[in-house]
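Here are the chains, one letter per residue:
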Amino acid sequence: RVVAPVRIEAGALDDYRSRPRIVEGADGGFGVAFVRPSAGGDSAELWWLSLDASGVRRGMPRRLAQVTGFNVEPSPSVARADGGFAVVWRERVGDRDRVVFAKLDALGAEVQASRVIATAPDADVALAGRGGFERPRIALLAVPSGFVAAWPEVEPGDIQQGTGAFAIVRIVSLDAAGVARAAPVAMRASTVDIDEIEPSLVRFADDAVGVLWARGSHIYICGGCTPDHRIDLVLVDPSSLARLSDVVSVGPGPAGGLLNKDVAVLGARILTAFEVTFHVHGEPGSAAFTCTR
């Protein structure tokens with residue numbers, strides 16, 4: 001341990017929905033995006049904290065956005081940007097989910113007006129995810145030419161009939177201001193009854209980004225069910241999003257889905273730590289991808 005733990009006062013939080021996301025800034029400090037849910041679950045607030053290199057709060061927490069809609073989790077993700085930070089989150093306007101991008105200075109003040117980078121194609125489609133065994137997630141990664149963002153696009157299908165559901169992962173290349181270079185693209189074509197969710201992005205090299213996501217069977221109604229997700233990985237070019245590798249997979253094991261993962265890079269290996277998720281509990285697990293180029 002290099003620095004003793006620091007207690008950070010940030011107001012009322014929720015064990016499940018607050019989901020703090022942290023990134024190191026250029027000056028050695030940190031930025032943290034987190035959620036304060038409402039008591040009734042019909043809205044949530046996205047907040048920002050700035051910390052110095054020792055983890056001590058710099059200034060008061062700042063509210064970035066009010067997100068309305070029952071169980072519409074903002075699912076924020078953060079990245080370092082020139083002179084500060086970038087953040088993405090989900091909001092719902094009218095009957096549509098949207099993914100929003102903003103840039104902040106080192107203390108969390110907005111230095112660029114937020115912009116929408118994706119809108120759901122119809123009212124039933126959820127961006128970031130609906131929440132089940134998995135966690136709704138948007139990914140954001142800083143790259144030399146700007147940013148890459150990714151999110152799931154979830155079609156619920158007919159729950160009563162148990163047909164028509166699927167989820168795909170979409171990815172987009174953004175310039176330094178968060179403007180999309182082209183329309184978001186699907187990592188893979190949709191397959192009915194299959195969910196591709198929980199995208200993660202990592203810098204594998206200056207000229208490659210690792211895109212990871214969970215792939216498993218869609219569960220319409222759970223009665224003693226257990227997820228069966230594996231983890232897929234592909235390398236892409238950070239600007240054009242052209243594929244630089246085949247898709248490779250880890251797992252699943254004899255039982256349980258590989259969900260709620262974190263990812264890091266060590267040399268030629270992409271390391272993952274995850275929850276092997278069963279019906280009512282999970283167990284910690286890890287795996288590594290080795291990439292040769």
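Residues numbered from 1 in each chain as written. Predicted model: local features only at pLDDT ≥ 70, side-chain atom pairs only at ≥ 80, totals over all residues. Heavy atoms only, no water.

Draft legend 1. Quick look at the overall build of the protein chain. Within the protein chain, the regular secondary structure consists of zero helices and 20 strands. For 293 residues, the compact-globule formula gives about 19 Å, and the C-alpha radius of gyration of the protein chain, at 18 Å, lands near that figure. Considering only C-alpha atoms, the protein chain reaches an extent of 50 × 50 × 40 Å along its principal axes. Burial statistics for the protein chain: of 293 residues in total, 47% are counted as buried. Sequence-distant contacts in the protein chain: of pairs separated by 6 or more residues, those separated by 24 or more amount to 49%. Summed over all atoms, the accessible surface of the protein chain reaches about 13,300 Å², with 51% contributed by carbon and sulfur. The positive charge centre, built from 30 side chains, and the negative charge centre, built from 35, are 4 Å apart in the protein chain. (Helix = DSSP H or I, 4+ residues; strand = E, 2+ residues; numbered from the N terminus. Rg over C-alpha atoms; globule rule 2.2 N^0.38 Å. Buried < 20%, exposed > 50% of the residue type's maximum accessible area, 1.4 Å probe, protein only. Contact = heavy atoms within 4.5 Å. Areas by Shrake-Rupley, 256 points an atom, 1.4 Å probe, with all protein chains shown as cover. Lys, Arg positive; Asp, Glu negative; His and termini not counted. Charge placed at Lys NZ, Arg CZ, Asp CG, Glu CD.)

Draft legend 2. Representation of the nonpolar core. Counting residues in hydrophobic clusters, the biggest one holds 19 residues, and the most contacted among them are Phe101, Ile117, Leu140, Phe147 and Trp151. Contributions of two or more residues to this core are made by strand E5 (77-81), strand E6 (84-93), strand E7 (96-105), strand E8 (110-119), strand E11 (146-155) and strand E12 (166-174). The dominant element in this core, judged by the number of residues it contributes, is E11, at three residues. Counting residues in hydrophobic clusters, the runner-up holds 16 residues, among them Val23, Leu46, Ala65 and Ala102. (Core = buried A, V, L, I, M, F, W, Y, C linked by side-chain atoms within 4.5 Å.)

Draft legend 3. Molecular detail of the pairing of strand E1 (residues 21-24). Relative to strand E2 (residues 30-37), E1 is paired through four bridges, and the arrangement is antiparallel. Bridge pairing links Val23 to Gly31 in E2. Hairpin connection, E1 to E2: the antiparallel pair is bridged by five residues, and Gly28 has positive phi, about 90°. (Pairing = 2+ DSSP bridges.)

Draft legend 4. Quick peek at the packing of aromatic side chains. Applying the stated criterion across every chain yields a total of two aromatic pairs. Between Arg36 and the ring centre of Trp47, over which it is positioned, the NZ or CZ distance is 3.8 Å. (Phe/Tyr/Trp six-rings, centres within 6.5 Å; stacked < 30°, edge-to-face > 60°. Lys NZ or Arg CZ within 6 Å of the ring centre and 35° of its normal.)

Draft legend 5. Region of interest: the sheet that holds E5. Strand order in the open sheet formed by four strands is E5-E6-E7-E8, and the pairing between neighbours is antiparallel. Each edge of the sheet is formed by a strand with only one pairing partner; in this case those strands are E5 and E8. Taken pair by pair, the neighbouring strands of this sheet meet at an average axis angle of 25°, ignoring direction. As judged from the six bridges shared by E7 and E8, these two strands associate in the antiparallel manner. Along E8, the bridge assignment pairs Lys103 with Gln112. (Axes fitted to C-alpha atoms, helices over the stretch in contact; angles between N-to-C directions.)

Draft legend 6. Quick look at the side chain of Asp97. Of note, Asp97 is situated in strand E7. There is a polar contact of 3.0 Å between the side chain of Asp97 and the backbone nitrogen of Leu127. Contact partners of Asp97, with chain neighbours within four places excluded, come to Val72, Arg90, Glu91, Arg92, Ala118, Thr119, Ala120, Val125, Ala126 and Leu127. (Polar contact = N/O pair within 3.5 Å; in protein donor to acceptor, adjacent residues only side chain to side chain.)

Draft legend 7. View of a nonpolar patch on the surface. Residues Val2, Val3, Val6, Ile8 and Val56 make up a contiguous nonpolar surface patch of roughly 420 Å² in combined accessible area. Mapped onto the elements of the fold, Val3 is located in the segment before E1. Among the residues examined, Val3 registers a relative accessible area of 40% and is labelled partly exposed. (Patch = residues over 30% accessible without salt bridge, like charges linked within 9 Å, V, L, I, M, F, W, Y side chains within 5 Å. Salt bridge = Lys/Arg side-chain N within 4 Å of Asp/Glu carboxyl O.)

Draft legend 8. The pairing of strand E10 (residues 139-143), seen in detail. E10 sits mainly inside the fold: four of its five residues count as buried. Two elements, E10 and E11, share five bridges in a ladder whose sense is antiparallel. Counted as the bridge partner of Val143 is Gly146 from E11.

Draft legend 9. Region of interest: the environment of Arg62. Tracing the sequence through the fold places Arg62 in strand E4 (residues 62-68). Contacts of Arg62, omitting those with residues within four sequence positions, involve Leu46, Trp47, Trp48, Leu107, Gly108 and Ala109.

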